[in-house]
Amino acid sequence: MSYIIADHLVKNYGDGEATVTAVNGMSFEIDAGEFVGIMGESGSGKSTLLGLMGAMNAPTAGRLVVDDIDVYALNPDQRADFRREFLGFVFQRFHLVPYLTVIENVMLPLAVVKAGRKQKRAMAAGALAQVGLAGKADRLPNQISGGESERVAVARAIVNEPPVLLADEPTGNLDTKTSREIMELLQRLNEDGMTIAMVTHSRDCAAYAERILRVRDGKLLEFRLGGEIEWKKRNATADKFRSVCRARQAAFSLDR
Amino acid sequence: MTLGAISIRNLLRRRGKAAFVLTGLVIGVATAAGIISFVDSMTADINTKLEKYGANILIVPRTENLSLNYGGLSLGGVSFEMQEIQEAELQRLSTIKNAKNVAAMGPLMLGVIEIRGRRVLLAGVDFEAAGILKPWWRLQGDMPGKKGVVIGPEAARQLGLKISDSLTAKGHELEVSAVLAPTGSQDDQLIFTHLATAQAIFNKPGRVSMAEVAALCKDCPIEEMVAQISEVLPGARVMAIQQVVKSRMETLAQFKKFSFGLSGVILLIGSLVVLVTMMGSVRERTDEIGIFRAIGFRKRHVMRIVFTEAALVSGLAGILGYFLGLGAAQLALQFFAVNAPVVRFSPILGVGAFGTALALGLTASAYPAFMASRMDPNEALRAL
């Protein structure tokens, strides 16, 4: 079952002679529950592609369909709602809000959700527990390590239980040991049914992916299987994933 | 976590910037509230004093020939062979409906005498009533007795007279008891004596040339007072000193206009401070706003965060500015008013100060909020 379908995506910056084509007609599909790595040299268009997949960056041409929703046919407010309900983002530089505590950072996606304070706090605490930071809820971002910051970023990305996680170089600023911990965390989330698309430079991190999309000069060169990780039983994962998506679709449709 | 909580936490985190914006608006609101309170209190105080001290109604004989200009009294060459007012008739003032509004009534007997070869105006007055009618008088010397006079400074200079000097007016020996401190009015050129003394000098016992009345007009329009007095004195012409009243009120109105204009300018500067600071704050928070948009905040959510911050600071500025303005007005009144009145706490002005500060803060934040909401999340996150 193809969950994310990219159809001849193009993204240009600038105009006239100064036009730069960052993404040049990429087409691919990602199945529900897949863990896909996106690799390429600097400037190849990886992050731009992730931005397109994240409904943050309208393409110059092409379509992006996620769970049968034509993402760029939505208006900006609907795309914001879509991001909130369907997507979780993990950034290389964490991008934690410095004046909010760890748990408040995790609760950020819930700030515009209609739920009680206690419920929101419980959801955030659950996400923190999932990433192994239950005891650091009241610390400020400048009081935790880089690895812990990345975990907080992951917790923030999953607090709303989105079906898709997009990660842009999640281990880019981390040491080897911490990188492995983060990747194992992402692997566990994937095993729980989350579809993950991850941009990475690291072959070690790419080894956790089932498939690799290799990008060069804005074009998709190839995709191949990942490395040593045993391929999990995908059917059960896909079924669990489908039920989550149905619930999301229902909630999302009400807001449109 | 709510949008409001994000706004509050940001303000607490960036206390310096919040304090800067707060200070700018507080100064603006305090200046406006202070000036308005000051002007209102001064106006009320001046009105009370104007009405209480100083004549605002004139009673003159009903005659076509006598032309009186109260702003510059000149009777030179005018014949006094006219029907004066009987002093006893003036007592009827106590029978009018608004008698309680009459603060003082001062009869005058006016005439020309010759001193050392020069013609000068002699005014017979009730010195007790003069204390209310002319509270600005300051005497250098003693209160005159029956044969004493108070001489205006200009008259004293021109006639070469000083305290204890003697003078003769139509065969009556008089002595200078006091010299009037300069008033800047016609009084500087006159010689004042007791009413009875003047009546004797001019051989007009029981008669007066005119009378000045100080009426308290707070609860009763002056026109009504004039009508009531005219009714009991049919033989006299009663008129409000319109020019005096009008010019005094015009002066106050001019000052009020000026103060409102000045307040407006200062408030505008305050709102510019808000605009510039909020724009800087939005630019500093590019990363944060990018995150908000990336995780699913709509544009209006981002705008709400900015507006909430502006509203919190502006609202507080309105409240603090109002009370600071009241305090400043009270302090200023100590310097500008004798027996400084107490500045009244005005709920309407308080609400107005709060509302104005809020409106200015929100208006000044509109552009920064709009700019923040339009930030491309992708570009914002790549900006670092």
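Small disclaimer: the values here were computed from a predicted structure and weren't measured. (Residues numbered from 1 in each chain as written. Chains lettered and ligands numbered in written order. Predicted model: local features only at pLDDT ≥ 70, side-chain atom pairs only at ≥ 80, totals over all residues.)

## A short note on the overall build of chain A
The secondary structure content of chain A amounts to eight helices and 10 strands. Taking contacts inside chain A between residues at least 6 apart in sequence as the whole, the part at least 24 apart equals 68%. (Helix = DSSP H or I, 4+ residues; strand = E, 2+ residues; numbered from the N terminus. Contact = placed C-beta atoms within 7 Å.)

## Points about the overall build of chain B
Across its full length, chain B carries 11 helices and 12 strands. A total of 384 residues make up chain B; the buried ones form 38% of that total. (Buried ≥ 20, exposed ≤ 12 C-beta atoms within 10 Å, placed from the backbone.)

## Notes on the pairing of strand 9 (residues 191–194) of chain B
Strand direction decides the pairing type here: strand 4 (residues 118–125) of chain B and strand 9 of chain B, joined by four bridges, are parallel. From the neighbouring strand, Leu122(B) faces strand 9 of chain B, where its bridge partner is Ile191(B). (Pairing = 2+ DSSP bridges.)

## A short note on the interface of chain A and chain B
The interface is formed by 24 residues belonging to chain A together with 22 residues belonging to chain B. Those elements that provide at least two residues to the side of chain A that touches chain B are helix 2 (76–86) and helix 3 (102–107) of chain A. The leading source of residues in the side of chain A that touches chain B is helix 2 of chain A, at six residues. Across the side of chain A that touches chain B, the residue classes tally to 14 nonpolar, three polar and seven charged. (Nonpolar A, V, L, I, M, F, W, Y, C, P; charged D, E, K, R; others polar.)

## Points about the environment of Leu100(A)
Considering the arrangement of structural elements, one finds Leu100(A) in the loop between strand 6 (87–90) and helix 3. Residue classification places Leu100(A) among the buried positions, given that 21 C-beta atoms sit within 10 Å. Each C-alpha atom of the pair Leu100(A) and Pro141(A) lies 7.7 Å from the other, and the pair is 41 residues apart in sequence. If we ignore the near neighbours within four places in the chain, the residues touching Leu100(A) are Asn105(A) and Arg9(B).

## Description of unusual backbone geometry
Residue and element names in this part refer to chain B. Even without a glycine there, the phi angle at Arg116 is positive, about 50°. Positionally, Arg116 belongs in the loop between strand 3 (102–115) and strand 4. Positive phi outside glycine occurs at Asn203, with the angle close to 55°. Here Asn203 is to be found in the loop between helix 5 (195–201) and strand 10 (207–208).

## Description of helix 8 (residues 286–294) of chain B
Residues and elements named next belong to chain B. By the criterion of burial, helix 8 is predominantly enclosed, with seven of the nine residues buried. Residues Glu288, Ile289, Gly290, Ile291, Phe292, Arg293 and Ala294 constitute the buried set of helix 8. Gly296 occupies a position one or two residues after helix 8 and carries a positive phi of about 115°.

## Some thoughts on the nonpolar core
Within the largest apolar cluster, 122 residues are counted, with the highest numbers of intra-cluster contacts made by Ile38(A), Val106(A), Ala155(A), Leu165(A), Ile196(A), Val29(B) and Val306(B). Counting residues per element, this core draws most heavily on helix 2 (residues 15–52) of chain B, which supplies 12 residues. Residues within four places of Val106(A) in sequence aside, it is in contact with Ala124(A), Ala127(A), Leu128(A), Val152(A), Ala155(A), Arg156(A) and Val159(A). Core analysis: the second largest hydrophobic core is formed by 47 residues, Leu90(B), Ile151(B), Leu180(B) and Leu195(B) among them. (Core = buried A, V, L, I, M, F, W, Y, C linked by C-beta atoms within 7 Å.)

## A closer look at the pairing of strand 4 of chain B
Residues and elements named next belong to chain B. Relative to strand 4, strand 3 runs antiparallel, the two sharing eight bridges. Considered in strand 4, the bridge of Val112 is made with Leu121. In this structure, the hairpin formed by strand 3 and strand 4 is closed by a connection of two residues, where Arg116 is found at a positive phi of approximately 50°.

## Section: the environment of Ala134(A)
All names here are of chain A. By the secondary structure assignment, Ala134 is in the loop between helix 4 (117–130) and helix 5 (146–158). A sequence separation of 31 residues divides Ala134 from Ile103, and the C-alpha atoms of the two residues are 9.1 Å apart. Those residues in contact with Ala134 that sit more than four places away from it in its chain are Ala125, Leu128 and Ala129.

## Looking at the packing of helix 5 of chain A against helix 6 (residues 176–191) of chain A
All names here are of chain A. With their axes 10 Å apart at the nearest point, helix 5 and helix 6 run at an angle of 15° to one another. Taken as axis vectors, helix 5 and helix 6 run roughly parallel relative to one another. Along this stretch, helix 5 crosses helix 6, giving a crossing that reads as right-handed. Of the residues in helix 6, those touching helix 5 at Gly146, Gly147, Glu150, Arg151, Val154 and Ile158 are Thr178, Glu181, Ile182, Leu185 and Leu189. Across the contact of helix 5 with helix 6, the residue classes break down as five nonpolar, three polar and three charged. (Axes fitted to C-alpha atoms, helices over the stretch in contact; angles between N-to-C directions. Parallel < 35°, antiparallel > 145°, perpendicular 65-115°, else oblique. Left-handed = near helix turned anticlockwise from the far one by under 90°.)

## Regarding helix 6 (residues 222–232) of chain B
Every α-helical turn comprises 3.6 residues, leaving residues that sit three or four positions apart pointing alike. All names here are of chain B. Those residues of helix 6 that sit buried are Met225, Gln228 and Ile229. Seen along its axis, helix 6 keeps its buried residues to an arc of 95°; they face one direction. For helix 6, the elements touching its buried residues are strand 1 (57–61), strand 11 (210–215) and strand 12 (236–240). (Arc of directions from axis to C-beta.)

## Overview of the confidence of the model for chain A
The predicted coordinates should not be examined in detail at positions where pLDDT is low. Residues and elements named next belong to chain A. Looking at chain A, pLDDT values average 83 and 86% of them are 70 or higher. Confidence scores differ between elements of chain A, with helix 8 (residues 234–255) showing the lowest mean pLDDT of 51 and helix 3 the highest of 94. Overall, residues 226–236 carries pLDDT values under 50, and its contacts beyond four positions in sequence, including any with other chains, amount to 16 contacts. (pLDDT = per-residue confidence, 0-100.)

## A short note on the confidence of the model for chain B
Residues and elements named next belong to chain B. Across chain B, the average pLDDT comes to 84, with 86% of residues at or above 70. When the elements of chain B are averaged for pLDDT, helix 11 (residues 377–382) gives the smallest value, 69, and strand 9 the largest, 95. Predicted confidence for residues 68–81 stays below pLDDT 50, and this span has 15 contacts to residues more than four positions away or in other chains. Interface confidence in the predicted complex, given as ipTM, is 0.83; pTM for the same model is 0.67.

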